[in-house]
Amino acid sequence: MKVTIANKTKGLVTLVAFCFTMYARAQTVTADTSPKLFQVTTAETLPGDAVLIRGEYLDHIKTIQVSRLADDPVNQDLPSYVPLPREDGLIAETRVKVNGLMENNVIEVDKLQQHAQSVKFIIPDKEKEGVYSVRLTDDNNGTTGFYLNAPKVNWVISEAGQKAVIGDYLRIQGKNLWRKGYQGQVVLLSTDTRQVVRVDVDKVFDAYSVSVTIPKNTPAGEYWLYYHNGQGGKTAWSEPLTLTVSAQSTNAWDKQVFNVTDYGAKGNGENNETAAFRAALDAAEKNGGGTIYIPRGRYKLTGELILPPYTMLKGESKELTQLFFSPLNWDTGELPNSLITGTHHFAVKSLTIWASRAWGIILLTGPPSEQGNITLENLIVRQSAEMSGMLYQIKANRDIVEAEIQSRWSQTGIILRGENIKLRNCDFNSSGMYTFFAVSGFIQHCKFTREGTGINQPYMLIHPKGLIFEDCYKQADGYGYAASIDESRNLYEARNVIPFNYTNDREAMTLDGGSGGYAGPIKNVYKDIITLPMEPIPISGHLINGLGGACLLLMAKVPDNTGVSSAIVWIPFDWISHFWLSQMQVL
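Predicted, not measured: the structure shown is a model, and the values here were computed from it.

Let us now look at the overall build of the protein chain. Within the protein chain, the secondary structure is distributed over three helices and 43 strands. Buried positions account for 48% of the 587 residues belonging to the protein chain. Sequence separation of 24 or more characterises 68% of the internal contacts of the protein chain that already satisfy a separation of 6 or more. About 28200 Å² of surface is accessible on the protein chain, with carbon and sulfur atoms providing 52% of the total.

Laid out in structure tokens, this is it:
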């Protein structure tokens, strides 16, 4: 192509300007190659244990030094802490963050399997168990670091939910909360920094769960909670957890008692008591709540009991008060969805409940956002989907009932959802499911068994959202956890017994049920948020086929012109997730 001199000069000027602009842009987007720490272990780390560091530019680390911190007393000090490494998240600004300390006994350790995104080292065998300060020095003599074995508080829970109540206990859940021979303690610092409340741990369950009692003179308000396990001195407190402290409140069902015998109930095992129970429930509802009291006796029921908010159904004791539901008047397909239903703020206590050919025993109804605040205590429940007596001897009847229950197996048994759920000292035997959706609260000292009907379906679904599940007996066909990413986090299970798990797929705790998966491009990455161009496709299967588990690490490459070579998108390892992506790249 022929070009005039004037045009050539203009083109040359344009080319020079373009090159200069590109050079300037290149200078402005030059990546910071100093090591960036994204994640280190928060589990207990002992001498001789390996430590894995994940991050970016870790191949620039020149030396790794380890020092055990002295166990100085902290009873008079305000909390200070060293933040844990993280990808993007901000740390609560409470004016007490400090840089990591290094004691005189500094030991340089070998770097193992060093790569750009990971490096390992081993805690020296000669070190004493405790809190270790780790310092990393890069090839430009820049330093960064972190603590190992410092306590980490993930969540808390009390009788009032995920907050503290003045004068009552508070369960604290996390890691490194207890060390043998050391006293754990809590400091509550009000967000206006005017109140400082110190509390010693008064009960230890294990290194993951402890309990304190909130002093009766604690002012209500918003606080930061700090925890110290007794090791590491003044800078080895946990990062703060925001906590609401409130006064104790009374249950609405305590304000009036409605005795079912005052409404016509006989308790003789022969009279149909359904109308009397419903009349007592209606009276409690008009009163804004109350206790439906059921004295000793056997009470025959043929219909559903709907518990209004702030109502408790209470027997004299589980040994002396029995409700039994008779299904003889129910035709095929006419069973009530559940024998006892309600939406929120109700309780069932001190009863024995018997039912045959029943679908649900206790099911929540109404909008999911309103469900929760349910208490089941001191119950014996025996529920069978099978018919009783002579009717069950006829195979055609058995087949009809079997098909009836199998068609709705996921909506049978006990289904609860929401915050502040409490199940204590109960003995359940059911043909249906035990399902707990997005549940926070306590399941303690309960026995869960399944009355077989020949149906081989999942037996227990647990989607925790701040749940303590402890000291229970569970025996049946399988256990599925964490079927939804927004309903599954913060679960503490301890001292549970699971025997005779012979049927179904013999899973005692699985995290791969009800999952969705997506492979392909992503629309956008901003901090810890990934935006997909389409919905994930529900799939079934295992994350790692045959192994029954997996670690979740989401990686996303971003264009070079952003100045960042790669980014790790965070899903907390303490949370349970069913969702994973692979082979992602920004559109």
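Taking strand neighbours across the sheet as the criterion, the four strands line up as E4-E3-E6-E7 in an open arrangement whose pairing is antiparallel. At either margin of the open sheet sits one strand with a lone partner, and together these are strand E4 (107-109) and strand E7 (143-148). Neighbour to neighbour, the strand axes of the sheet diverge by 25° on average, direction disregarded. Relative to strand E6 (residues 132-138), strand E3 (residues 61-68) runs antiparallel, the two being bridged by seven bridges. Across the sheet, Arg68 pairs through a bridge with Tyr132, a residue of E6.

Between the first and last C-alpha of helix H2 (residues 274-286) there are 19 Å, a value that for 13 residues agrees with the 18 Å anticipated at 1.5 Å per step. If you check which residues of H2 are buried, you get Thr274, Ala276, Phe277, Ala280, Leu281, Ala283 and Ala284. The first or second residue beyond H2 is Gly288, which carries a positive phi of 80°.

Moving on, we get to the packing of aromatic side chains. A full pass over the atoms with the stated rule returns eight aromatic pairs. Relative to Tyr226, the ring of Tyr81 has its centre 6.3 Å away and its plane inclined at 40°; by these criteria the two rings are tilted. Residue Tyr81 is found in the loop between E3 and E4, and its partner Tyr226 is found in strand E15 (residues 221-228); the two are separated by 145 residues along the sequence. Just as Tyr81 is buried, Tyr226 falls in that class too. Put simply, the rings of Phe428, Tyr434, Phe436, Phe448 and Phe469 touch in pairs and so form one group of aromatic residues. A cation over an aromatic ring shows up here: Arg298 above the ring of Phe324, its NZ or CZ 4.4 Å from the ring centre. The positively charged end of Lys447 is found above the aromatic ring belonging to Tyr473, 5.3 Å away from the centroid.

This part is about the nonpolar core. Leu313, Leu376, Leu416, Leu423, Phe428 and Phe448 are the most contacted members of the largest nonpolar core, which totals 53 residues. Ignoring any residue separated from it by four or fewer positions in sequence, one finds Leu313 in contact with Ile292, Ile294, Leu305, Leu307, Leu323, Ile340, Ala347, Val348, Lys349 and Leu351. Counting 21 residues, the second-largest nonpolar core is a separate cluster that includes Val197, Val210, Ile214 and Leu241.

One open sheet accounts for three strands, arranged E1-E2-E5; its pairing is antiparallel. This sheet does not close on itself; its edge strands, each paired only once, are strand E1 (36-40) and strand E5 (118-122). Averaged over all pairs of adjacent strands, the angle between their axes in this sheet comes to 30°, without regard to strand direction. In the sheet, strand E2 (residues 50-56) pairs with E5 via five bridges, with the strands oriented antiparallel. Residue pairing in the sheet places Leu52 in a bridge with Lys120 of E5.

Let us now look at the pairing of strand E31 (residues 433-444). Burial analysis of E31 places eleven of its twelve residues in the buried class, the great majority of the element. Note that strand E28 (residues 413-417) and E31 share five bridges and pair parallel. Residue pairing in the sheet places Gly413 in a bridge with Met433 of E31. Bridge count for strand E29 (residues 419-424) against E31 is four bridges, and the pairing is parallel. Opposite Lys422, over in E31, you have Phe442 as the bridge partner. Note that E31 and strand E33 (residues 460-470) share eight bridges and pair parallel. By the bridge assignment, Phe436 is partnered in E33 with Ile462.

A positive phi angle, close to 50°, is found at His345, a residue other than glycine. Summarising the element assignment, His345 is placed in strand E25 (residues 344-356). For His345, a relative accessible area of 26% puts it in the partly exposed group. One non-glycine residue with positive phi stands out, namely Asn373, at about 60°.

Once that is clear, we can look at the state of the cysteines. For the structure on display, the rule yields zero disulfides. For the unlinked cysteine Cys426, the closest cysteine sulfur is that of Cys446, found at 4.5 Å. Here Cys472 stays free of any disulfide, with the sulfur of Cys446 as its closest cysteine sulfur at 4.9 Å. Classification of Cys472 by relative accessible area gives buried; the value is 3%.

Turning next to the environment of Val257. Note that Val257 resides in strand E17 (residues 257-259). Counting along the chain gives 35 residues from Val257 to Ile292, while the straight-line C-alpha distance between them is 6.1 Å. If we skip the residues at most four places from it in the chain, Val257 touches Thr291 and Tyr293.

Scoring rules and cut-offs
- Residues numbered from 1 in each chain as written.
- Predicted model: local features only at pLDDT ≥ 70, side-chain atom pairs only at ≥ 80, totals over all residues.
- Heavy atoms only, no water.
- Helix = DSSP H or I, 4+ residues; strand = E, 2+ residues; numbered from the N terminus.
- Buried < 20%, exposed > 50% of the residue type's maximum accessible area, 1.4 Å probe, protein only.
- Contact = heavy atoms within 4.5 Å.
- Areas by Shrake-Rupley, 256 points an atom, 1.4 Å probe, with all protein chains shown as cover.
- Pairing = 2+ DSSP bridges.
- Axes fitted to C-alpha atoms, helices over the stretch in contact; angles between N-to-C directions.
- Expected span 1.5 Å × (residues − 1).
- Phe/Tyr/Trp six-rings, centres within 6.5 Å; stacked < 30°, edge-to-face > 60°.
- Lys NZ or Arg CZ within 6 Å of the ring centre and 35° of its normal.
- Core = buried A, V, L, I, M, F, W, Y, C linked by side-chain atoms within 4.5 Å.
- Disulfide = S-S within 2.5 Å.

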